[in-house]
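A structural walkthrough
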Amino acid sequence: MKTFLEEVNEKINGVPIQRCYHCRKCTAGCPMAFAMEHNPNRVVKMIQMEKREEVLASGTIWLCVSCETCITRCPNEVDIARMMDVLRQMAIETGVGAKEKNILKFHEAFLANIRMGGRINEPTMMVHYKLKSGDLFSDMAMGIDMFRKGKLSLISPRTRDMKSVRRIFEKTRQS
Amino acid sequence: MKVSYYPGCSLHGTAKEYDQSVRSVSHALGIELEEIEDWSCCGATSAHSTNFKLSIALPARNLIAAEKKAQDVMIPCAACFNRFKTAEHHLSQDPELKAEIEEIVGGRYQGSAAIRNPIDIIVRDIGLEALAAKVVKRLAGLKPVSYYGCLLLRPPDVCRFDDAENPVLLDRILAVLGAEVRPWSFKTDCCGGSLTISKTEIVVRMVDKLMEMAREAGANCLVTACPVCMANLDMRSSKDAGLPVFYFTELAALAMGQEGPEGWFRLHRTDPRPLLKGLQLL
Ligand code: SF4
Ligand code: SF4
């Protein structure tokens, strides 16, 4: 059986993360480190230490906003941002799910909306997210204000060739 | 010049003033926009966070459609721009992935259409002198800080049109428009991006810090080229802490004396009109 480290490296398909020498440049520049329970460079160490469950069940991997500051600054070209993507996908695929449930629910609502119309329709996507998350009332005033200004419309132009869009979703479906 | 145009979903919705101002400024500068035929969403953060192949296939569908015309693709939305550049990067580096994505999308990808941001096109193809020649109302008294955010320039080997730590092209455009651009060290700091809906409290904290730093730099407004940054900066600052925020194209249109800016400014949450009226720019 593959180690956690081997599996992550294989999925990143780039520079092996054990090149990290823990200079902590990534962590120092990470805008989300203040909200994460493990610093980005610590996640590398945890992977090396085979802490699979702990990493995949952490909020850290969901709080990463993919700002790409870490990969921009890493002296060893360790792609922490891509590593976070890989870890999120592993958490979904292995059924661990997301500690930050609403972040994943937002992504699901967003993708479901593309699948429906080829393009995001912001109001229907938001309604879908709100129903999924149960967070019904936040941002109501803002939404109403945007409707009034004509920024949100329930009918926005969609992609015509929806067959090709649905085909992309079918063929990239993770088992 | 003629370019293919990818507006993306935001520019048809909450960022419609960006779409309209890009169109208006492009027209004035002699850039003809041809919208990509039947485009679809790039998948944004949600696709690459959860499904790598989907995140490449969605932009690839649009790139393949764009390649039918032999011209550059202009993408004003920093987030879409980043997803397209990332897809291009992977498709050009990994022949196996490319073959798989071509099968999924049902078309051949040549890599023939350059993916460009309007900042890059205006500075490098149109030229700042040509822009300066169109300015009829210098934005005197406007003291913006330029806010590039994350997705225009990172990672540098993917985005590649300006320095990733201290970019200057947007500052140069604003200076040509007559604005008194303020230097600051938060040009490429993150605003919290897509967490704005699901983790609002974190984003409020990040935006408040940016606003505080902009004030400290002596700015009276912020300027962006990203609908996600705009949404966060304009709507997520706590109480009355926010300075007005502009798309750079709105200011370009204003300085060029075009019709439209006043209507666009009305759409912002933090109304920039009192500031502009105070400076006799409106
Ligand atoms: S910047 Fe690179 S080498 Fe330094 S701690 Fe982060 S991943 Fe490791
Ligand atoms: S990409 Fe993620 S881990 Fe890297 S600096 Fe940004 S938020 Fe932190």
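The model shown is predicted, which means the values in this text are computed figures rather than measured ones. (Residues numbered from 1 in each chain as written. Chains lettered and ligands numbered in written order. Predicted model: local features only at pLDDT ≥ 70, side-chain atom pairs only at ≥ 80, totals over all residues. Heavy atoms only, no water.)

Looking now at the packing of helix H1 (residues 4-12) of chain A against helix H7 (residues 80-93) of chain A. All names here are of chain A. Where H1 contacts H7, the two axes come as close as 9 Å, and the packing angle between them is 115°. In this view, H1 runs roughly perpendicular relative to H7, as classed from their interaxial angle. For the element pair H1 and H7, the recorded crossing hand is right-handed. Only Arg82, Met83, Val86, Leu87, Met90 and Glu93 of H7 make contact with H1, whose side of the interface consists of Phe4, Glu7, Val8, Lys11 and Ile12. (Axes fitted to C-alpha atoms, helices over the stretch in contact; angles between N-to-C directions. Helix = DSSP H or I, 4+ residues; strand = E, 2+ residues; numbered from the N terminus. Parallel < 35°, antiparallel > 145°, perpendicular 65-115°, else oblique. Left-handed = near helix turned anticlockwise from the far one by under 90°. Contact = heavy atoms within 4.5 Å.)

On to the sheet that holds strand S6 (residues 221-224) of chain B, then. Residues and elements named next belong to chain B. A sheet is described by the order of its strands in space; here 3 strands give the open sequence S5-S6-S7, paired in parallel fashion. Looking along the sheet, the strands with just one partner apiece sit at the ends: strand S5 (144-147) and strand S7 (245-247). Each neighbouring strand pair of the sheet contributes to a mean axis angle of 30°, computed without reference to strand direction. Relative to S7, S6 runs parallel, the two sharing 3 bridges. Along S7, the bridge assignment pairs Val223 with Phe246. (Pairing = 2+ DSSP bridges.)

Quick look at the side chain of B:Ser49 now. Examined against the element boundaries, B:Ser49 turns out to sit in helix H3 (residues 44-50). Beyond its immediate sequence surroundings of up to four residues, B:Ser49 is in contact with A:Ser66, A:Asp85, A:Arg88, A:Gln89 and A:His107.

Quick look at the domain arrangement of chain A now. Residue and element names in this part refer to chain A. According to the domain assignment, chain A consists of domain 1 (4-93) and domain 2 (103-174). Once you take the C-alpha centre of each, domain 1 and domain 2 turn out to be 29 Å apart. On the domain 2 side, the residues contacting the 5 residues of domain 1 number 4 residues. Carbon and sulfur atoms make up 76% of the area that domain 1 and domain 2 hide from each other, which totals about 370 Å². For the domain 1 face of the interface with domain 2, the top three residues by lost area are Trp62, Ile92 and Glu93, together amounting to 80%. (Domains from an automatic or database assignment. Buried area = accessible area lost by both parts, 1.4 Å probe.)

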